[in-house]
Amino acid sequence: MQVRIAPSILSADFARLGAEVEELAADVDMIHVDVMDGHYVPNLTLGPPVVRSLRAATTTMLDCHLMITDPSVYAPQLLELGAESVTFHPEVEDDPLALVHRLHELGGRVGVAIKPAHELSLVTELLPHVDMLLVMTVEPGFGGQAFRADCVRKVREAVDWRTRMGAGFTIQVDGGIGPDTIEQAASAGADTFVAGSSVFGAADRVAAVRELRRRAVAAAALARTGER
Ligand code: DX5
Ligand code: ZN
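Below, the structure is looked at part by part. (Residues numbered from 1 in each chain as written. Chains lettered and ligands numbered in written order. Predicted model: local features only at pLDDT ≥ 70, side-chain atom pairs only at ≥ 80, totals over all residues. Heavy atoms only, no water.)

What about the overall build of the protein?
- For the protein, the count of helices and strands is eight helices and eight strands.
- For the protein, the C-alpha radius of gyration of 16 Å lies close to 17 Å, the compact-globule estimate for 228 residues.
- Counting only C-alpha atoms, the protein reaches 50 × 45 × 30 Å along its principal axes.
- When each of the 228 residues of the protein is scored for burial, the buried share is 54%.
- Of all intrachain contacts in the protein linking residues separated by at least 6 positions in sequence, the fraction that spans at least 24 positions is 63%.
- Working note: accessible area of the protein is about 9800 Å², and carbon and sulfur atoms make up 51% of it. (Helix = DSSP H or I, 4+ residues; strand = E, 2+ residues; numbered from the N terminus. Rg over C-alpha atoms; globule rule 2.2 N^0.38 Å. Buried < 20%, exposed > 50% of the residue type's maximum accessible area, 1.4 Å probe, protein only. Contact = heavy atoms within 4.5 Å. Areas by Shrake-Rupley, 256 points an atom, 1.4 Å probe, with all protein chains shown as cover.)

Below, the structure is given as structure tokens:
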């Protein structure tokens, strides 16, 4: 399993976004871009113009997390602007599978997300078709919240389901990920780790990313040893 670290720019200084992303570029696998519309969640963040600017400022993969009620309108735009991956919350769409196919046709990687209140069963029909499952480990909307350890069970369920079905999606966790929580998620089988406040709030952000990776790699290796 490859560990991927995805700093969330929600906790970055938006006036210095290009520089803050570039500082991390050599040490991260993707940049997580939280798009919020004030409807799906009670917060407003950013959208296509910022993704366009980010695309011009970095070659690092842009992983957009759409916490919005109209992903079918904005997800295609974000791919056209150069984002590599878009993840949406499927319960807002009448036909989420059609949107998955449409986004693939545009050349994007596609993820679906489940909030703390949602069970894996919400997305099992979509999982054979997507590139990533996002298991939220906080209520979507804000950075800096405490990690919901009760959500880790769904990572394990997703790993089991993937094995049973022979599917290939990656598993991302998002919310409250830091040095004290990443090991739980990695042991359960998550491979992609979003971290906002624990990276951008650190005095040495590069060191913070490297420490997250070190802990996730070690926890994943230990979990595999335990399985043997
Ligand atoms: C929350 C966002 C997260 C957020 C995570 O709705 O989806 O990506 O930035 O922030 P931290 O890592 O601070 O919990
Ligand atoms: Zn997010």
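Considerations on the site of ligand 1
- Ligand 1 sits among 20 residues. The nearest are D34, G141, D174, G196 and S197.
- One nitrogen or oxygen atom from the side chain of S8 is found 2.8 Å from an oxygen atom belonging to ligand 1.
- For ligand 1, an oxygen atom lies 2.8 Å from a polar atom in the backbone of G144.
- Protein contact buries 100% of the 380 Å² of open area that ligand 1 shows by itself.
- With respect to the detected pockets, ligand 1 is housed in the largest pocket.
- Elements with a minimum of two residues in the shell around ligand 1: β2 (31–36), β3 (62–67) and β8 (192–195).
- When residues in the shell around ligand 1 are grouped by element, the largest group, three residues, is from β2.
- In terms of residue class, the shell around ligand 1 is made up of eight nonpolar, 10 polar and two charged. (Near = heavy atom within 4 Å. Polar contact = N/O pair within 3.5 Å; in protein donor to acceptor, adjacent residues only side chain to side chain. 1 Å grid on protein atoms, 1.4 Å probe; cavity = no way out; pocket = protein on both sides within 12 Å on 5 of 7 lines; lining within 4 Å. Sits in = over half its atoms within 2 Å of the grid points. Nonpolar A, V, L, I, M, F, W, Y, C, P; charged D, E, K, R; others polar.)

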